[in-house]
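Chains, contacts and geometry: an overview
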Amino acid sequence: MTQSTDSSNLKSYSCLTCRQRKVKCDRRAPCCNCVKADKQCSFIPPARGKRKRTKPPREGLHAKLERYEKLLSLHGIKSEPSDDLDDSDSETDALMDEDANAVITTIEETKPKLIIRDGVSRYFDSAPWSTFGGEFQHPEVGGPVDESFGDESGLFFGQNDKVENLASLHPSVQILPKLRDIYADRVDPLIKILHLPTFSTALTNGLRHPTERSSSLEAMMFAFYLAVISTLKEDECQNLFGLSETVVYSRYRLAARQALVNARFLSTSNPMTLQAYVLFMMCVRKSYPCDTLFVLSGVAIRLARKMGLHRDGSFLGLSPFDTEMRRRLWWHLVHVDFRIADVLGTRPSMDLACADTKTPLNLDDEDLHPDMTDLPPERNGITSISLCLIRHEVMVSLRNLSTSSPADMRLEVVLGPNITPVKKDNIIRQIGDHLEQKYLRYCDPANPLHTFVSIMIRFSICKMRLVAHNPRQFASRPPKDPQSERDIVFANATKLLEYVILVQGGHRGLEKYTWQIGTSALWNAMLYVLIEVRHRKTGPEVDRSWQLIEDVFSCPRIFGRTPAPVDTVLRKWTLEVWDHYVAASTAEGLPERSTPEYIHAVRGGTRSEDSVSGTETLSADRSPVENSLGCNPIQTHKHESLPDLAAFEPYEFPDILSFEMDPNEWIQWEQLVAEGGCH
């Protein structure tokens, strides 16, 4: 049947613009919709999915050439169309050559691309979206969604307890300088992801011009408030906000969460929203189990990859300032994932394996400016980012030791069978020497940050040595020189206790950093010390160890925050080893030592009075945080009575020396520690 002339001119599919707008197209060239909108009308065949068990028809050379020419012209690349449709062999050969050239052009343009527009950063590294970039994307991206389920953040934060008026919770401009000073002193050295001069300007402008605040900036502002409040003591909170620390923390935690929901953080491509989410995670990490934190960390890493943070800015043509700030944010995420994975006994995210982002430079904020054209040389000594850089350097060292994956940065890589004990010790010594030359030699003992950096460096080296000589490996394979190995473990475990006591005890102005320092590293050290004290029975080293154990039990920041199962088992072993110590002293005719108060408290199933009161002061806030993540929050202990030892009989640790003979005891212990969380 012969069609009319008009019908024969109609295309068999809608034009590209009408398909994207999801409107009806009259299929003429150009169509009426594009003529009205004054837009270019392009008829590009829609991509169709492959049908099962059906071989799609082969596209002819002419059709393929025409499609390539339209794609090229769509992106401003001129080509000479062929009007002659002669099927001669010579022209077929020419068409094949042109076809090949078109394909080559397309492939060459398929390179990773970072699109930055209005503060939003999107990274593309797969064809064809890396070619089209922000102008054209997969049809499923940005498609229609069911508005009744449009708030994807509810998956994490739920729909209850919304803050309807966030504007009323912004503090006054008058107290802003105090908040900035507290953040710079107590928070910034621990999580160096903000450039304080530029953020301070944005913060002030956001308070003075509320109508101009973006949702991303508001999320960052409330995360900033929450971080400051997390470090405040009760009297400081009363002076600044006129309310108790418990009320203020709960109020601003909820506000920061709501601001993140308003910024649609789960689908964000805005680096500032990601910064806010990362800072929020840091402030609430003691309220959630480690498994939940692992998932939250994974969300942050995926958002960062979508923004291209895993690629160094110098490869993407970014400014020196943006390059350096992106490095800081990416490497903080790497550290968080590394720390949580280490506690859980798993590998960090494999997303890290595809990263080439360089480590940040040792620079202070005043060394950086958005308009700079080149990065300055690194500083010698300790800066506000040095503590973060030390963590990064330790992780890089572990990655270089790994033989399985470039993303494998677990501490356990120093246990690898391919590395001899002597080589392990040499590598750890080299890391220590490097950190000594770069940081320790510049430490000023009068500066609390310098003291803290010094302790953290020594703490990290001790921890690496303990992992390299982990007694667990000797339960099934006794060492050639067991006493030498025991001496190494004992010396480094006691040093770890000293460092923990020094920091958690708040000496030398270090109390301002304890809000973010956990105690999980202490638990293995306590176990190692108790095993060695049980072996050695008596002597000056044993007496010194008992003094350290007493200091640990007397510090409310330490055992006041230890998860109940770990707390109970460690107390059980402490009593067991103490009884052996007293019996050995009596057998050797040594003067009878009076039983310390903490031993009486442990034996009676209660905490010491100081520990209980201190714990209540520290954790008044941090109380059962409303948890809409579907997990039970980690709760700090507020009760004087300790859990009944019988409640933890499933762990069945019969005697502390059983660790040296049965590898399964170590497995049970590590499971217990992992369940205790990352705190």
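The rules behind these values
- Residues numbered from 1 in each chain as written.
- Predicted model: local features only at pLDDT ≥ 70, side-chain atom pairs only at ≥ 80, totals over all residues.
- Heavy atoms only, no water.
- UniProt positions renumbered as here; feature names shortened; annotations may be inferred.
- Phe/Tyr/Trp six-rings, centres within 6.5 Å; stacked < 30°, edge-to-face > 60°.
- Helix = DSSP H or I, 4+ residues; strand = E, 2+ residues; numbered from the N terminus.
- Buried < 20%, exposed > 50% of the residue type's maximum accessible area, 1.4 Å probe, protein only.
- Core = buried A, V, L, I, M, F, W, Y, C linked by side-chain atoms within 4.5 Å.
- Contact = heavy atoms within 4.5 Å.
- Salt bridge = Lys/Arg side-chain N within 4 Å of Asp/Glu carboxyl O.

The name given to the chain in an unreviewed UniProt entry is Zn(2)-C6 fungal-type domain-containing protein, with the source organism recorded as Aspergillus hiratsukae. Heading Subcellular location (unreviewed entry) of the UniProt record for the chain holds this comment: "Nucleus".

With that out of the way, let us pick up the packing of aromatic side chains. How two aromatic rings sit relative to each other is set out by the distance from centre to centre and by the angle between their planes. Taken as a whole and assessed by the stated rule, the structure comprises 14 aromatic pairs. Judged by centre distance (6.0 Å) and plane angle (85 degrees), the rings of Tyr225 and Tyr252 are edge-to-face. Of this pair, Tyr225 sits in helix α10 (residues 215-230) while Tyr252 sits in helix α12 (residues 245-262), and the two are 27 residues apart along the sequence. Each member of the pair, Tyr225 together with Tyr252, is buried. By the ring-pair criterion, three or more aromatic residues cluster together here, those being Tyr183, Phe199, Phe222, Phe224, Tyr225, Phe241 and Tyr252.

Our focus in this paragraph is the nonpolar core. Ranked by size, the top nonpolar core spans 150 residues in total, and within it Phe241, Leu274 and Trp669 carry the most contacts. Not counting residues up to four positions away in its chain, the partners in contact with Phe241 are Ile175, Leu179, Ile229, Leu232, Val248 and Tyr252.

So, on to the UniProt feature "domain: Zn(2)-C6 fungal-type" (unreviewed entry) in the chain. Under the local residue numbering, the UniProt record ascribes the feature "domain: Zn(2)-C6 fungal-type" (unreviewed entry) to residues 14-43. Note that residues 14-43 is 40% helix and 0% strand, and that its end C-alpha atoms are spaced 7 Å apart.

Per the counting criterion, the structure on display carries 21 salt bridges. A salt bridge links Arg379 to Asp364; the nearest nitrogen and oxygen atoms lie 3.7 Å apart. Of this pair, Arg379 sits in the loop between α15 (320-344) and α16 (386-401) while Asp364 sits in the loop between α15 and α16, placing them 15 residues apart in sequence. The salt bridge involving Glu532 is made with Arg486; its shortest N-O contact spans 3.5 Å. In this pair, Glu532 sits in helix α20 (residues 520-536) while Arg486 sits in helix α19 (residues 482-504), placing the two residues 46 residues apart along the sequence. Judged by relative accessible area, which is 5%, Glu532 ranks as buried. Linked through salt bridges whose partners overlap, the residues forming this network are Arg486, Asp487, Glu532, Arg536 and Glu541.

Attention now moves to the side chain of Thr204. By the element assignment, Thr204 lies in helix α9 (residues 196-208). Owing to a relative accessible area of 14%, Thr204 belongs among the buried residues under this scheme.

If you trace the backbone, Glu436 turns up in helix α17 (residues 421-438). The exposure class of Glu436 is partly exposed, given its relative accessible area of 33%. As a C-alpha pair, Glu436 and Ile457 span 21 residues in sequence and 8.4 Å in three-dimensional space.

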